[in-house]
Amino acid sequence: MLTKLKPSGSIPDRSLYERRESAVRSYARSMPRQFGKAEGVWMHDDQGGRYLDFLSGCSTLNYGHNHPILKQALLDYIAADGIAHGLDLHTEAKADFLTAFEELILQPRGLDYRAMFTGPTGTNAVEAAIKLARKVTGRELVIAFTNGFHGMTLGALACTGNSAKRSGAGVPLAHVAHEPYDGYFGPDVDTAALLAQRLADPSSGLDAPAAILVETVQGEGGLNAASPKWLRDIAAIAQAHGALLIVDDIQAGCGRTGGFFSFDGLGFTPDIVTLAKSLSGMGLPFALTLLRPELDQWAPGEHNGTFRGNNHAFVTATAALRHFWSDNAFEHDVLRRAGLLEQRLARIAARHGFEMRGRGMMRGISVGSGELAATITRACFDAGLIIETSGPHDEVIKVLAPLVIDDAALAAGLDVLEDKCRDAMAADLAVAAE
Ligand SMILES: *Cc1c(COP(=O)(O)O)cnc(C)c1O
């Protein structure tokens, strides 16, 4: 079993990127290496470095890099001249995906959704969801939440909280109200009750919404996990006010919190669900908006796109559904490993007074400041661990290891994180003592 991290410590010539790639690049700045290969939980750079991946493409690689079963399915499909691009034509790959999705995901959960294949990224799925909600209800306002993240195109960006991201829009981001998420004012304020009160009050200034758009665990917003009760209350509020409940499961779905959907077993059913990131299982672009059949009021082609339904992604997504979601074994394994992760993070948090965040394998620690979080994650990277931050001040160190990680590799990565937290806190104390 491979558990040895091996940072290369060398920075390749970056002049090509500085000369020809836009300054908008971001992850490449905190991880200045040139990567070539990856398998499972490991990424390799061109200097012989081997990095343990605790980022997983922000939860796009839940099944690890180049999973052998998914890879073989795709290789076989390409070798047999399977359709690569077919607009939204019926294809065998699409039929296989829809069949597997119906059999393994929808039917066992008693869910009845139609699948709308949108453009290939998550933000495309969110745009389709809010556009449909506005069309069906005839209303404009979408209620989103503080620290919510929903994508970078204008409609989805309007629903995103982060001001640095919003300010890139260059135009007003309208028709969205950002209401306080669960716990925003601390544990004693029930923000669902506040929302219910405002919506019930004809003089509150809050218009009747087309949709309430929510993440069950906020990924980019700092791994805030809403309580099941709060989510059920929000679902009930949406229903009471004729608004559609949209769960953005782009990051929290596909097993990240245990179940295939992050709302599995929580006692409510969204009207619309968005999926992307790990849906293809192999990091191929693939997004999906699920909608209750009654909501399917689109005219043919009313919402369009050249890349709707990536056939290569259908193939790998189907292989992932059949391999990981045919029974409950994977979910149980993820939840067991999530328990190990929680214990280890709780130990680190208790020692240093950090705050625990998240749910399932979508967990992290808030270290209080973005500066400290950056010091720790930089030191982790220098030791061969790929790990990132999120939250309003980038103060939350997030562990998004592939769900297939074995216990030994998980422990090896957490050892590094624990060490680097200790080093950074010791350095902090030394500075404070001076
Ligand atoms: C990543 C993400 C998106 C946007 O997906 P892209 O593929 O980057 O467009 C939307 N919502 C959530 C919750 C996300 O984590």
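Residues numbered from 1 in each chain as written. Predicted model: local features only at pLDDT ≥ 70, side-chain atom pairs only at ≥ 80, totals over all residues. Heavy atoms only, no water.

K.L.:
Which parts of the structure should I look at to understand the pairing of strand β17 (residues 396-399)?
P.N.:
Sheet faces and side chains relate simply in a regular strand, where the side chains alternate between the two faces. Judged by which residues are buried, β17 turns out to be covered on both faces: V396 and K398 on one side and I397 and V399 on the other are all buried. Here strand β14 (residues 362-366) runs beside β17; their pairing, made up of four bridges, is antiparallel. From the neighbouring strand, S366 faces β17, where its bridge partner is V396. Both strand β16 (residues 388-390) and β17 contribute to a ladder of three bridges, which runs antiparallel. In the strand pairing of β17, T389 is matched with I397. Counting the residues between successive antiparallel strands, the hairpin from β16 to β17 contains five residues, one of them, G391, with a positive phi of roughly 100 degrees. (Buried < 20%, exposed > 50% of the residue type's maximum accessible area, 1.4 Å probe, protein only. Helix = DSSP H or I, 4+ residues; strand = E, 2+ residues; numbered from the N terminus. Pairing = 2+ DSSP bridges.)

K.L.:
Can you walk me through the sheet that holds strand β3 (residues 50-53) in this structure?
P.N.:
In any sheet, the strands associate via hydrogen bonds between backbone groups, in a parallel or an antiparallel arrangement. With respect to topology, four strands assemble into an open sheet ordered β1-β2-β3-β15, the strand pairing being mixed. Both outer strands of the open sheet, β1 (35-39) and β15 (385-386), are each paired with one neighbouring strand and no more. One ladder, built from two bridges, connects β3 with β15; its direction is parallel. Each residue of the ladder has a partner; that of D53, found in β15, is I386.

K.L.:
I tried to follow the pattern of salt bridges on my own but got confused; where do I start?
P.N.:
When charged atoms on two side chains of opposite charge get close, those side chains can pair. Overall, the coordinates contain 23 salt bridges when judged by the stated rule. For D233, the salt bridge goes to K229, with nearest N and O atoms at 2.6 Å. Taken together, the positions of D233 and K229, both in helix α10 (residues 228-240) and four residues apart, correspond to about one turn of that helix. Between R422 and D419 there is a salt bridge, with its nearest N and O atoms 2.9 Å apart. Of the two residues, R422 and D419 both sit in helix α14 (residues 407-433), three residues apart, roughly one turn of that helix. Residue classification places D419 among the partly exposed residues on the basis of a relative accessible area of 33%. Several salt bridges converge on common partners, so that one network encompasses R344, R347, R351, D415 and E418. (Salt bridge = Lys/Arg side-chain N within 4 Å of Asp/Glu carboxyl O.)

K.L.:
It is not clear to me how the state of the cysteines should be interpreted in this structure. Could you clarify?
P.N.:
Each disulfide consists of one covalent bond between the sulfur atoms belonging to two cysteines. Counting across every chain of the model gives zero disulfides. C254 provides the cysteine sulfur closest to C58, a residue in no disulfide bond, and the two sulfurs are 14 Å apart. With no disulfide of its own, C159 has C58 as its nearest cysteine by sulfur position, at a separation of 19 Å. (Disulfide = S-S within 2.5 Å.)

K.L.:
Honestly, the packing of helix α13 (residues 370-382) against α14 in this entry has me stumped. Any pointers?
P.N.:
Two packed helices can be described by the angle between their axes and the distance between those axes. Their axes nearest at 9 Å, the elements α13 and α14 cross at an angle of 130 degrees. In this view, α13 runs oblique relative to α14, as classed from their interaxial angle. In this structure, α13 meets α14 at a crossing whose hand is right-handed. Contacts between α13 and α14 pair L372, T375, I376, A379 and C380 from the former with V416, L417, K420, C421, A424, M425 and D428 from the latter. (Axes fitted to C-alpha atoms, helices over the stretch in contact; angles between N-to-C directions. Parallel < 35°, antiparallel > 145°, perpendicular 65-115°, else oblique. Left-handed = near helix turned anticlockwise from the far one by under 90°. Contact = heavy atoms within 4.5 Å.)

K.L.:
How should a nonpolar patch on the surface be read in this particular structure?
P.N.:
Together, Y184, F185, V189 and L194 make up an exposed nonpolar region whose accessible area comes to about 350 Å². Given the relative accessible area of 33%, L194 is considered partly exposed. (Patch = residues over 30% accessible without salt bridge, like charges linked within 9 Å, V, L, I, M, F, W, Y side chains within 5 Å. Areas by Shrake-Rupley, 256 points an atom, 1.4 Å probe, with all protein chains shown as cover.)

K.L.:
Which parts of the structure should I look at to understand the packing of aromatic side chains?
P.N.:
Geometry of an aromatic ring pair is reported as the spacing of the ring centres plus the angle between the planes. For the coordinates displayed, the defined rule picks out 22 aromatic pairs. Geometrically, the ring pair formed by F97 and F286 is edge-to-face, given 5.3 Å between the ring centres and 75 degrees between the ring planes. In this pair, F97 is assigned in helix α5 (residues 92-106) and F286 in the loop between β11 (272-275) and β12 (288-291), connecting sequence segments 189 residues apart. Residue F286 is classed as buried on the basis of its relative accessible area, which comes to 3%. (Phe/Tyr/Trp six-rings, centres within 6.5 Å; stacked < 30°, edge-to-face > 60°.)

K.L.:
Whenever I open this one, helix α6 (residues 122-137) confuses me. Can you help?
P.N.:
In an α-helix, one full turn covers 3.6 residues, which means residues spaced three or four apart are oriented alike. Over its 16 residues, α6 runs 23 Å from end to end, which matches the ideal 22 Å to within 8%, given 1.5 Å per residue. Where α6 is concerned, the buried positions are G122, T123, A125, V126, E127, A128, A129, I130, L132 and A133. One or two positions beyond α6, positive phi appears at G138, with a value near 70 degrees. (Expected span 1.5 Å × (residues − 1).)

By themselves, these are just geometric observations and shouldn't be taken as functional.
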